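If you want the building blocks of each chain, they are given just below.
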Amino acid sequence: MKNGDAVPLVKLENVNKHFGELHVLRDIHLTVDRGEVLVVIGPSGGGKSTLCRTMNRLETIDSGVITFDGRPLPAEGKPLAKLRSEVGMVFQSFNLFAHKTILENVTLGPIKVRGQDRKAAEQRGLELLERVGIASQAGKYPAQLSGGQQQRTAIARALAMDPKMILFDEPTSALDPEMVQEVLDVMIGLARDGMTMVVVTHEMGFARRAANRVVFMADGQVVEENTPDEFFTNARTDRAKDFLSKILTH
Amino acid sequence: MNELIEYGPALWEGFVQNLKLSAVCAIMALVLGTVLVSMRVSPTPVLRAAGAAYVNIVRNTPLTLVLAFSALGLSDQVGLVFSDDPAINGFWLVALGLSLYTATFVCEALRAGINTVPFGQAEAARAIGLTFFQSLTLIILPQAFRAVVAPLGSVMIAMIKNTTVAVAAGYLADVAFVMKDTFDTTGVSIPIFLGIVVAFMAVTLPIGFLTGWLSRRLAVAR
Ligand SMILES: Nc1ncnc2c1ncn2[C@@H]1O[C@H](COP(=O)(O)OP(=O)(O)OP(=O)(O)O)[C@@H](O)[C@H]1O
Ligand SMILES: [Mg+2]
């Protein structure tokens, strides 16, 4: 280890999680390095979302340890809120605040969580909206925007908190096909800029262009970890090969 | 018709008491109802249980009993006194009882409103680092309120009409009491009866229209 930066940003050790009888995460060992883009892929119900959500403690775990930035995730209260403010999250269904304008969606966190001055937050918010290509929509409400525009707003909302990492849970699955690329382009831009990202997605194009590593998850386990090229052309496990043969046919 | 004109001023004075009670109770019930619903959805089991117990007990108790409890239990037994002037004291005992009662309906209306807010809204709020209290006050309740403006209007209309049982807390000044008092001397008078009905409708009908209009205007598009 050369310096502090070599400590992974996120580390999951022996993590287990149940929903009642269902064992959704089984002995998960996983690290996410700083600046790394990790793509999580796998069949429906395999535990990808759950894995993603344990990293900002939207889901609690039953056993094991998750550390973020060298410290175990706080259990509750102010420290947990602070952790969440440092980990952005982009949801499949956007989840923009429906009663707030696009700009307000982006400035709410900086103003209320970080205590930033409104003027400064709005200026920064507009810059971020510019960056994701929707500054002209700043005064509109979420329902007035297309899915792609809403998802780009959600990315700007996450960026406004200057997160150390952003979690994406199937960010393009709810989009009409013609809007998928505009969102992926923004994400590829973030990856280029060195943002640490965990992305649950089946978008192979994105994985190949932006990911450093692919994790294949099934039945609550990490079945395979590989480079994107290796994974898509030459998967090691039968489970992954079987899965790929299914998604590649459509 | 003559008796309505003759006793009009006294009846009007009584009706003003109903209006004052309504104004005071509307504010207190909305505030307390919001506190109660916050308890009912809080992550702390003790608060949730306390909120649920309060709502279920008070909402299912007849209003006359709540008011009697306010006057006899809180005032006479516990010694809660708002003023040495019995009229003012009586007013506040009614206001307290009716607010405690109406708050439970406000709470349940708001809770129905909270159920219309998609779960993802609260998750997104938590995910940017808002505390539970911030998520509730900045994201959930504003959307919940907008969803239940019309039902809250109905709660307010019911509350305004409920001011006429003030006598149950020993408050002998509202229009229903004045009416009965008047009937004791004039005998039952249809014009007085209708006059009071019209007076209430003059207040409650606009509230119905206004909240109906507001609920369409404020609706959150999803
Ligand atoms: N809150 C919950 N309560 C109970 N069971 C749940 C809950 N959330 C998820 N599950 C179950 O846990 C399993 C893993 O779910 P998860 O959402 O993590 O899978 P996924 O890999 O993201 O699937 P998908 O590709 O469909 O999104 C599934 O069987 C799911 O039904
Ligand atoms: Mg999922």
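I will try to describe carefully the structure that is included in this document.

Analysis parameters
- Residues numbered from 1 in each chain as written.
- Chains lettered and ligands numbered in written order.
- Predicted model: local features only at pLDDT ≥ 70, side-chain atom pairs only at ≥ 80, totals over all residues.
- Heavy atoms only, no water.
- Pairing = 2+ DSSP bridges.
- Helix = DSSP H or I, 4+ residues; strand = E, 2+ residues; numbered from the N terminus.
- Axes fitted to C-alpha atoms, helices over the stretch in contact; angles between N-to-C directions.
- Contact = heavy atoms within 4.5 Å.
- Near = heavy atom within 4 Å.
- Polar contact = N/O pair within 3.5 Å; in protein donor to acceptor, adjacent residues only side chain to side chain.
- Areas by Shrake-Rupley, 256 points an atom, 1.4 Å probe, with all protein chains shown as cover.

### A look at the sheet that holds strand S6 (residues 87-90) of chain A
All names here are of chain A. In space, the 6 strands of this open sheet follow the order S6-S7-S8-S3-S9-S10, with mixed pairing throughout. Looking at the sheet topology across the chains shown, the edges are occupied by S6 and strand S10 (221-226). Put simply, the sheet's adjacent strands are angled 20 degrees from each other on average, direction ignored. Across 4 bridges, the pairing between strand S3 (residues 37-41) and strand S8 (residues 197-200) is parallel. Its bridge partner lying in S8, Leu38 is registered against Val198. The strands that helix H2 (residues 77-86) touches are S6 and strand S7 (165-169); relative to S6, the one it contacts most, it runs at about 65 degrees. Set on the sheet, helix H5 (residues 147-159) makes contact with S6 and S7; between it and S6 the angle comes to about 170 degrees.

### Considering the site of ligand 1
Residues and elements named next belong to chain A. Ligand 1 sits among Phe19, Leu22, Val24, Pro43, Ser44, Gly45, Gly46, Gly47, Lys48, Ser49, Thr50 and Glu170. Here an oxygen atom of ligand 1 sits 2.5 Å away from a polar atom, N or O, in the side chain of Thr50. Within the side chain of Glu170, a nitrogen or oxygen atom sits 3.2 Å from an oxygen atom of ligand 1. The protein chains hide 59% of the 630 Å² of surface that ligand 1 would expose on its own. Broken down by secondary-structure element, the contributors of at least two residues to the shell around ligand 1 are strand S2 (22-32) and helix H1 (48-54). Sort the elements by how many residues they give to the shell around ligand 1 and H1 lands first, with 3 residues.

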